[in-house]
Amino acid sequence: MSGRKRLGILIAVLCMSAAIVASIFVSRHDDAYPTSDSGALDAELIHVASVVGGRLIELRVHENQHVRKGDFLYQIDPEPYKLTVQQAEANVALMKADLANQKRFLAVRVAQAETAKGQVARAESNRDLANRTITRLAPLANQSYIPKQQYDQARVLGNDADISLTQAREQAKAADTAIGDVAGAEAALAASEATLARVKYELRQTRVVAPADGYVTSLRVQSGEVLIPSQVLFTLVLDDEWYAIANLRETNLSSIKIGDCATVYSMIDRSTPIPGTVSSIGWGVLSGDSLGVGRSLPFVPRQMDWVHVAQRFPVRVHLKAPQPLLMRMGATAVVEFRHGAACD
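Since this is a predicted model, take the numbers as computed values, not measurements.

Student: Please give an account of the overall build of the chain that cites residues and values.
Tutor: When helices and strands are tallied, the chain shows 4 helices and 12 strands. Within the span of the chain, comprising 344 residues, buried residues form 30% of the whole. In the chain, 82% of the contacts between residues at least 6 apart in sequence involve partners at least 24 apart. Accessible area of the chain: about 22,100 Å², with a carbon and sulfur share of 56%.

Set out below in structure tokens:
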């Protein structure tokens, strides 16, 4: 074998070895520092709706408008709710008047019960006096010192005193039972006040304000529309926090942890790096290979793919002070984990 041929073989072996080493290095680098070029920008959403229904009489916002927290958004016709509030206020006034009457009646019944107790005490005194009189006259009547009729009259008065005492006690017991209380009237007043508070709350809900800063989207109605309670009028894309969602292969998840640095590029301007940190890693995705139907046997398809593709899981990256013009929910993003301009 000539020297030139040996040199060629050596060069070929060296090139193949270098290619293998380079491939291993790139593979390990990609596993340790993964990149996703199919990410998407994401933000929190609020579906704006009122808990009450009615006719939309005023709409202060338009599609894609930016609003601040507390800004007036739209007004539902408050007239029916104002009438309901007036009716509830009148009912509260009626319940208060009824409670006052019940308290007056209670005072009268308490006074009557006290009078009945006094009558019982007087009846007891009369009975005791009659019994003492009978006791004194009995020996005198037996020795004929007094007429028999006088003794009989004393016994009749004693019997009458017993009957009067029994009647007085029954009247006192009935008076005590009739006293009662004002718990029912107080409960009715509390219920009417709760109803008033609820209808006042509903009246306040006819005026809808922005719950947070964000952009109005999916607005497809105009003034005059009749809305049902909790009907979503539009969606608010919040702009106080922005995220990038990157779907990483399961083989790369072991090299990523919460808090890791990330560099994100919005496809709106690929030249501007956006710093971020990993805020969460998805714990589950829906698999089409095996579908579990509730209260039934698992569904497993007969077909089987010979090529196994690694499952991907969503990784959420919190963006730090991104430029507003680069942020569009759903925009394509490139996400570099643990490397890139923002991590250097």
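Student: Would you mind going over the pattern of salt bridges in detail, with residue names and values included?
Tutor: The final tally for this structure, using the stated rule, is 9 salt bridges. Ionic pairing is found between lysine 117 and glutamate 114, a salt bridge with its closest N-O pair at 3.9 Å. With a gap of 3 residues between them, lysine 117 and glutamate 114 both fall in helix α2 (residues 79-142), about one helical turn apart. Of the charged contacts, one joins aspartate 260 and lysine 257 as a salt bridge, the two residues approaching to 3.2 Å between their closest N and O atoms. Assessed through its relative accessible area of 8%, aspartate 260 is described here as buried.

Student: Give me the environment of valine 317: which residues, what numbers.
Tutor: For valine 317, the location among the structural elements is in strand β11 (residues 312-319). Once the C-alpha coordinates of valine 317 and serine 279 are considered, the two residues, 38 residues apart in sequence, prove to be 5.4 Å apart. Apart from the residues lying within four places of it in its own chain, the contact partners of valine 317 are Trp242, Tyr243, Ala244, Ala262, Val264, Gly276, Thr277, Val278, Ser279, Val335 and Phe337.

Student: Would you mind going over the packing of aromatic side chains in detail, with residue names and values included?
Tutor: Summed over the entire model, instances satisfying the criterion amount to 1 aromatic pair. Pairing tyrosine 74 with phenylalanine 234 gives two aromatic rings, centres 6.4 Å apart and planes at 75 degrees, and the pair type is edge-to-face. In this pair, tyrosine 74 is assigned in strand β4 (residues 72-76) and phenylalanine 234 in strand β8 (residues 232-249), connecting sequence segments 160 residues apart. Of the two residues, tyrosine 74 and phenylalanine 234, neither departs from the other in class, the shared state being buried. Here arginine 270 stacks its cationic end above the ring of tyrosine 265, 4.4 Å away from the centre of that ring. We note arginine 316 situated over the ring of tyrosine 243; from NZ or CZ to the ring centre the distance is 3.7 Å.

Student: Describe the sheet that holds strand β2 (residues 54-59), listing the residues and the values that go with them.
Tutor: Across the sheet, 4 strands lie side by side as β5-β4-β2-β7; this open sheet has antiparallel pairing. Because the sheet does not close on itself, it has two edges, and the strands there are β5 (207-209) and β7 (226-227). As defined by bridge partners, β2 adjoins β7 across 2 bridges and the pair is classed as antiparallel. Paired with arginine 55 across the bridge in β7 is valine 226.

Student: Please provide a residue-by-residue account of the nonpolar core, values included.
Tutor: Among the nonpolar cores identified, the biggest contains 23 residues, and Leu41, Val264, Val317, Leu319, Val335 and Phe337 are the most heavily contacted of them. Looking at this core, the elements with two or more residues in it are β1 (35-49), β8, β9 (261-266), β10 (273-281), β11 and β12 (332-337). With 5 residues, β8 is the single largest residue contributor to this core.

Student: For the state of the cysteines, give the residues involved together with the corresponding values.
Tutor: Counted by the stated rule, this structure contains 1 disulfide. Linked covalently through their sulfurs, cysteine 261 and cysteine 343 form a disulfide whose S-S length is 2.0 Å. Handedness here is read from the sign of the S-S torsion; for cysteine 261 and cysteine 343, about -100 degrees, the answer is left-handed. In this pair, cysteine 261 sits in strand β9 while cysteine 343 sits in the segment after β12, placing the two residues 82 residues apart along the sequence. Judged by relative accessible area, which is 27%, cysteine 261 ranks as partly exposed. Taking the relative accessible area as the measure of exposure, cysteine 343 reaches 23% and is therefore partly exposed.

Conventions we followed
- Residues numbered from 1 in each chain as written.
- Predicted model: local features only at pLDDT ≥ 70, side-chain atom pairs only at ≥ 80, totals over all residues.
- Heavy atoms only, no water.
- Helix = DSSP H or I, 4+ residues; strand = E, 2+ residues; numbered from the N terminus.
- Buried < 20%, exposed > 50% of the residue type's maximum accessible area, 1.4 Å probe, protein only.
- Contact = heavy atoms within 4.5 Å.
- Areas by Shrake-Rupley, 256 points an atom, 1.4 Å probe, with all protein chains shown as cover.
- Salt bridge = Lys/Arg side-chain N within 4 Å of Asp/Glu carboxyl O.
- Phe/Tyr/Trp six-rings, centres within 6.5 Å; stacked < 30°, edge-to-face > 60°.
- Lys NZ or Arg CZ within 6 Å of the ring centre and 35° of its normal.
- Pairing = 2+ DSSP bridges.
- Core = buried A, V, L, I, M, F, W, Y, C linked by side-chain atoms within 4.5 Å.
- Disulfide = S-S within 2.5 Å.

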